[in-house]
Amino acid sequence: MYKLDLPVDSRALQAVERRRAAESARHKRIFSTRERVLGVDARALERQVAERRGQEEAEKQRDRAHDMLRVSIDRMALEQQREEEHRRRELAQELVRYRALHQRAEDSRDADINYKRQRVPEDNLSTAQSCGPASMQVFQGEGVGEDERKRAEMELNERSLRAQREERERQENEQKQKELLRVKELLQQDLRAIQLDALEEECKRATCIALKSYNQAQADERQERERQEKLRREGEEMAEVWHMVTSDLLTECPEAAKRKSEGSAVAPRVLPDHWKGMSPEQLSAIYRQREEQRADREKQRQLERQREVAWDLQQLEQARQQVEEEGRMRELEKERRLQLDKYNQQLAQEQRIHQQYLNNQLYTNRPSTRYFTQFGTSSR
């Protein structure tokens, strides 16, 4: 066999490089801690954000372009409107100049008739003769009776104007008469209003006088009523004072407070508004009862102190017993901890012996680091 130097296929190399790049990208994407923990495609999100920002920027540019287009269109419309107005003014001026130069009244066909020129001027006679009969504007025999007709028309116009003037004067007189009548009616209305105002003021004045008289009568009546009420109240107060002075309340009568109730068989009750205090016998009975209560209270205090002393002794005995019990419990806890420590040492010794057995006799073929690094290295 002969060794041939065949050309290398670039497409195959490109395909191999493309697969290697895809495998490298897939490897980075799968073994990326951030993407594996978060569970999101960060690049896709960044791409979406970039696309969204690009869309917003494109929309802003489109809006700015539309705004500029609208401004330019408005500017063009204003410019076109100004040009149109300028063109119209120029056309109007041209029309005025054309009419002033080429459409004068004295150059019209009826200018001779209107301006009372019944014949062709001498300077234009040769032109009229050279132009022929068709260029003639005034012929012989035309305008017969023109002055009488115009005079009649002027007289008719004067009569019509006179009639119109008389009619206008008549209307003005009628209008003046109407104005005078309206003014008279307004004056009559003003006089009537003044009279009504005067009558109303008179009525108001009479009403005020009557109301003032009524109020004065009411005030006098109220003052009289208050005076009578004051006299009655003063009489009642004097009667009450006289009753208090002459009653049992101020006479210091002790029997007045011990009256028996009417129609009742119970003991006589004390009337609070007539009671003047207790008698010496009642006061001595109260003092005696108070002394007895004080002695009883002192006995109760002695018994209470004795109970408190006994309770304190009992609490001291309970505290001593509690301290002894706590000492016994500490001794028992100490013994239990010693036994637990011995048991833990025994368990530790047994575990150490078992670990030595596992390390020295059972697990003799330990895997190397290369064994653990072979996992999770490919994306497939």
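This one's a predicted model, so the numbers in the text were calculated from it and none came from an experiment.

A.B. asks: Any chance you could explain the overall build of the protein chain here in plain terms?
C.D. replies: From N to C terminus, the protein chain includes 8 helices and 0 strands. Taking all 380 residues of the protein chain together, 5% fall into the buried category. When contacts within the protein chain are restricted to residue pairs at least 6 apart in sequence, long-range pairs at least 24 apart make up 38% of them.

A.B. asks: Would you mind going over the pattern of salt bridges with me for this structure?
C.D. replies: Proximity of charged atoms lets side chains of opposite charge pair with each other. Summed over all chains, the structure comprises 24 salt bridges. As a salt-bridge pair, Arg82 and Glu79 come within 2.6 Å of each other at their nearest N and O atoms. In this pair, Arg82 and Glu79 are both assigned in helix α3 (residues 42-102), 3 residues apart and thus about one turn of the helix distant. The class for Arg82 is partly exposed, based on a relative accessible area of 46%.

A.B. asks: Can you walk me through the confidence of the model for the protein chain in this structure?
C.D. replies: Interpretation of the predicted coordinates at a detailed level should be avoided for regions scoring low in pLDDT. Chain-level pLDDT for the protein chain is 80 on average; 76% of the residues reach the 70-or-more range. Confidence, read as mean pLDDT per element, is least for helix α5 (residues 122-131) in the protein chain (47) and greatest for helix α7 (residues 280-362) (91). Per-residue pLDDT stays below 50 along residues 117-131; that stretch engages in 11 contacts with residues further than four places along the chain or on separate chains. Across residues 260-264, confidence stays below pLDDT 50; counting only partners more than four residues off in sequence or on other chains, it has 3 contacts.

A.B. asks: Any chance you could explain a positive patch on the surface here in plain terms?
C.D. replies: The grouping of Arg159, Arg162, Arg165 and Arg168 at the surface amounts to a positive patch. Among the structural elements, Arg159 can be located in helix α6 (residues 146-246). Assessed through its relative accessible area of 45%, Arg159 is described here as partly exposed.

A.B. asks: Just checking my understanding: could you explain a nonpolar patch on the surface for this structure?
C.D. replies: Together, Met278, Ile286 and Tyr287 give the surface a local cluster of nonpolar side chains, amounting to about 280 Å² of exposed area. Within the secondary structure, Met278 is located in the loop between α6 and α7.

Conventions we followed
- Residues numbered from 1 in each chain as written.
- Predicted model: local features only at pLDDT ≥ 70, side-chain atom pairs only at ≥ 80, totals over all residues.
- Heavy atoms only, no water.
- Helix = DSSP H or I, 4+ residues; strand = E, 2+ residues; numbered from the N terminus.
- Buried < 20%, exposed > 50% of the residue type's maximum accessible area, 1.4 Å probe, protein only.
- Contact = heavy atoms within 4.5 Å.
- Salt bridge = Lys/Arg side-chain N within 4 Å of Asp/Glu carboxyl O.
- pLDDT = per-residue confidence, 0-100.
- Patch = residues over 30% accessible without salt bridge, like charges linked within 9 Å, V, L, I, M, F, W, Y side chains within 5 Å.
- Areas by Shrake-Rupley, 256 points an atom, 1.4 Å probe, with all protein chains shown as cover.
- Lys, Arg positive; Asp, Glu negative; His and termini not counted.
- Charge placed at Lys NZ, Arg CZ, Asp CG, Glu CD.

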